[in-house]
Amino acid sequence: MPIPSDGHGLLAGKHGVIFGALDERSLAWQIAEACQREDATFVLSNAPVTRRFGSLEGLAEKTGSPIIYADATNDGELDALFDEVTSERGPVDFVVHSIGMGVNVRKDRPYEDLNHDWYLKTLDISAASLHRIVQAGLKQDALADGGSIVALSYIGAQRIFSKYSEMGDAKALLESIVRAFGYRLGKRGIRINSVSQSPTRTSAGSGITGFDAMFDFAEMLAPLGNADAASCADFVVTLLSDYTRMVTMQNLYHDGGFSTMGVSDHLVETLFGALGGDKGKDV
Ligand SMILES: NC(=O)c1ccc[n+]([C@@H]2O[C@H](COP(=O)([O-])OP(=O)(O)OC[C@H]3O[C@@H](n4cnc5c(N)ncnc54)[C@H](O)[C@@H]3O)[C@@H](O)[C@H]2O)c1
């Protein structure tokens, strides 16, 4: 049954911060729209530099949400963000971390020849920023007891996808930070999980060389096909809601079943077809 356009009120009365909506394709953009549908209110945030090329103002207008720009690698800006958020509304019930950038990946530097300044920047933007955000939230007394934090990850944390390169390291660190904070936040009933999402055609996604091949490969393997951004948003909403109040420290695959597959008929037939053979029929 399709989700009704006015939702189910799963997040009624909850207030949060959503980091990382750049344009309509962004996972965070879809998450914000789904949160609004489920009756949440939220503050939107992105790096100050995105004022020049992003379209966050449009989302803010559409959802009636304030924007507080902050670079997620800058502790002072994150402190100021949480200070402003709490002085307006008190501590937040949820935080969504949907931030990533592979600097060497963007500049086509192979894993064997990384620029290590860029590599550290990649780890800071894509992983340590989660630590910075949670730490700032704790310092500013901005995280409500019983709240929920979700970060977006990718299966490149567990398996090698050659073109994902340094981002695999960043996602492994991100998921480790989820576990480390999960233990520490548990005593206050605050949950933290990562959602490992299918390849999705967004600005960050399409910035990876070979993205189309990764997308098609996953699409051929996953029994349900690739999960799109809207379904990712619906899943994230459940993790922000009280229905998942005992789920924490998990990396949850939202990938149409990709992560459990080995090989599929579709993939075998396509490969043998491409190689000009007919052996696929015997498998
Ligand atoms: N698109 C995919 O295929 C895919 C798959 C799995 C996981 N993810 C993850 O989902 C998350 C969101 O990415 P997306 O695909 O929606 O792409 P996106 O480009 O729309 O979002 C990435 C966001 O990170 C923000 N950002 C970069 N540097 C920042 C900084 N210093 N401070 C604050 N924000 C900063 C960008 O401005 C952008 O809004 C990322 O963590 C990404 O790795 C994406």
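Up top you'll find the structure we're talking about.
1. A few points about the site of the ligand
Part 1 of the reasoning: In the vicinity of the ligand lie 26 residues, with S26, G100, T202, A204 and G205 positioned nearest.
Part 2 of the reasoning: Broken down by element, the residue count for the shell around the ligand peaks at three residues, all from helix α7 (residues 203–206).
Part 3 of the reasoning: Of the residues contributing to the shell around the ligand, the split by class is 12 nonpolar, 13 polar and one charged.

2. Describing the pairing of strand β1 (residues 15–19)
Part 1 of the reasoning: By the criterion of burial, β1 is predominantly enclosed, with four of the five residues buried.
Part 2 of the reasoning: Both β1 and strand β2 (residues 41–45) contribute to a ladder of five bridges, which runs parallel. Each bridged residue has a counterpart across the sheet, and for G16 the counterpart in β2 is F42.
Part 3 of the reasoning: Relative to strand β3 (residues 92–97), β1 runs parallel, the two being bridged by four bridges. Directly across from V17, in β3, lies its bridge partner V95.

3. Side note on helix α5 (residues 116–139)
Each turn of an α-helix holds 3.6 residues, which means side chains three or four residues apart point in the same direction.
Part 1 of the reasoning: The end-to-end C-alpha separation of α5 is 30 Å, well short of the 34 Å expected for 24 residues at 1.5 Å each.
Part 2 of the reasoning: The largest bend in α5 comes to about 55°, at A128.
Part 3 of the reasoning: Within α5 the residues assigned to the buried category are T122, L123, S126, A127, S129, L130, R132, I133, V134, A136 and G137.
Part 4 of the reasoning: Looking at the buried residues of α5, the elements they touch are β1, α3 (75–89), β3, α4 (103–106), β4 (143–153) and α6 (166–185).
Part 5 of the reasoning: With its phi angle positive at about 55°, D141 sits one or two positions after the end of α5.

4. Let's talk about the environment of M246
Part 1 of the reasoning: Structurally, M246 can be placed in the loop between α9 (229–240) and β6 (251–254).
Part 2 of the reasoning: M246 sits in the exposed class, given 7 other C-beta atoms within 10 Å.
Part 3 of the reasoning: Distance from M246 to G189, taken between C-alpha atoms, is 8.6 Å for residues 57 residues apart in sequence.

5. Section: the packing of α5 against α6
Part 1 of the reasoning: Packing of α5 against α6 brings their axes to within 9 Å, and their N-to-C directions diverge by 15°. It follows from the interaxial angle that α5 and α6 lie roughly parallel. Where α5 crosses over α6, the handedness of that crossing is right-handed. Contact with α5, carried on its side by Y119, T122, L123, S126, A127, L130, H131 and V134, involves E166, M167, D169, A170, L173, L174, I177 and F181 of α6 and no other residues of that element.
Part 2 of the reasoning: A class-by-class count of the residues in the contact of α5 with α6 yields 11 nonpolar, three polar and two charged.

What counts, and where the lines are drawn
- Residues numbered from 1 in each chain as written.
- Predicted model: local features only at pLDDT ≥ 70, side-chain atom pairs only at ≥ 80, totals over all residues.
- Near = placed C-beta within 6 Å.
- Helix = DSSP H or I, 4+ residues; strand = E, 2+ residues; numbered from the N terminus.
- Nonpolar A, V, L, I, M, F, W, Y, C, P; charged D, E, K, R; others polar.
- Buried ≥ 20, exposed ≤ 12 C-beta atoms within 10 Å, placed from the backbone.
- Pairing = 2+ DSSP bridges.
- Expected span 1.5 Å × (residues − 1).
- Bend = angle between axes of the 7 residues up to and from the residue.
- Contact = placed C-beta atoms within 7 Å.
- Axes fitted to C-alpha atoms, helices over the stretch in contact; angles between N-to-C directions.
- Parallel < 35°, antiparallel > 145°, perpendicular 65-115°, else oblique.
- Left-handed = near helix turned anticlockwise from the far one by under 90°.

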